[in-house]
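Letter by letter, the chains look like this.
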Amino acid sequence: MNHATAVSPPRRLRADAARNQQRIIAAARELFADHGLEITLDDVAERAGVGVGTVYRRFANKKELITEVFEQSIGEFAEAADAAYRHPDPWFGLVEFFEYACRHMAKNRGFSEVMLELEDDVDRFVVVRDRIKPTVTAIVDRAREAGVLAPGIEPSDFFALIHMVDGIAEFARPVNPDVWQRYMAIVLNGVRAEGTPPQQLLVPPLNDSEVEQAKGACGGRRR
């Protein structure tokens with residue numbers, strides 16, 4: 001009886017610590033998505049509903065927390081790529097992954113900012129390349145072999161195209177957070193082969209007022 005009483009508290013503490021860590025990471029993901037890398041560990045603690053000391057016991061600094069969130073996102077990217085590759089239709093599998101990637105980048109400011117900094121972090125760049133690039137290459141190669149891509153389109157083009165769509169998403173985010181979907185469809189229409197089903201332009205373009213507002217917001221961010 002005494003032995004059981006002695007070992008119960010550590011098991012309960014470990015479970016509590018695991019739950020707290022999950023809450024901290026979930027809160028960090030939400031905050032990074034909305035506000036980017038400028039958030040603090042204090043912000044994370046408040047969103048997670050835990051004490052600041054609890055956050056610092058799990059993560060010594062913001063970089064450690066960013067790394068954890070980033071690695072989770074990369075894992076989800078890899079899963080999405082695998083699912084797209086298994087799609088029975090090569091074109092719609094490619095569209096599925098491209099839309100996932102564009103949506104994730106457009107809706108997740110923190111992930112986009114980390115990606116921009118990868119050139120200065122060789123190890124994390126290698127993680128992205130090794131976990132995602134082979135499957136994306138296979139997705140594009142399968143679409144090309146099926147004859148649904150325009151001649152000359154290469155796998156590396158899609159990494160650049162995703163960042164192009166993310167560029168308009170970043171520009172328009174303050175005034176129209178959904179317009180990136182229009183340009184994603186335009187990009188896909190630009191790489192499809194003749195006879196491949198076109199993407200419908202369901203989202204209208206930015207109007208003149210939105211363009212001017214976005215320019216103003218962009219200027220403010222740069223200052």
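Residues numbered from 1 in each chain as written. Predicted model: local features only at pLDDT ≥ 70, side-chain atom pairs only at ≥ 80, totals over all residues. Heavy atoms only, no water.

(A) Region of the structure containing the side chain of Arg-142. Tracing the chain through its elements places Arg-142 in helix H7 (residues 122–145). Buried and without a salt bridge, Arg-142 has Asp-89 as its closest oppositely charged side chain, separated by 6.8 Å. Other than its neighbours up to four places away in sequence, Arg-142 contacts Ala-84, Tyr-85, His-87, Pro-88, Asp-89 and Pro-90. (Helix = DSSP H or I, 4+ residues; strand = E, 2+ residues; numbered from the N terminus. Buried < 20%, exposed > 50% of the residue type's maximum accessible area, 1.4 Å probe, protein only. Lys, Arg positive; Asp, Glu negative; His and termini not counted. Salt bridge = Lys/Arg side-chain N within 4 Å of Asp/Glu carboxyl O. Contact = heavy atoms within 4.5 Å.)

(B) Quick look at the packing of aromatic side chains. Counted under the stated rule, the structure contains three aromatic pairs. With centroids separated by 5.2 Å and ring planes inclined at 75 degrees, the aromatic side chains of Phe-77 and Tyr-100 adopt a geometry described as edge-to-face. Of this pair, Phe-77 sits in helix H4 (residues 62–85) while Tyr-100 sits in helix H5 (residues 90–107); the two residues are 23 residues apart in sequence, bridging distant segments of the chain. In this structure Phe-77 comes out as buried when scored by relative accessible area, which is 7%. With 5.8 Å between their ring centres and 85 degrees between their planes, Phe-98 and Phe-158 make a pair best called edge-to-face. Within this pair, whereas Phe-98 is found in helix H5, its partner Phe-158 is found in helix H8 (residues 155–172), the two being separated by 60 residues in sequence. You'll find Phe-98 and Phe-158 in the same group, each marked buried. Grouping aromatic residues by their ring pairs yields a cluster made of Phe-77, Phe-97 and Tyr-100. (Phe/Tyr/Trp six-rings, centres within 6.5 Å; stacked < 30°, edge-to-face > 60°.)

Purely geometric numbers; function is a separate question.
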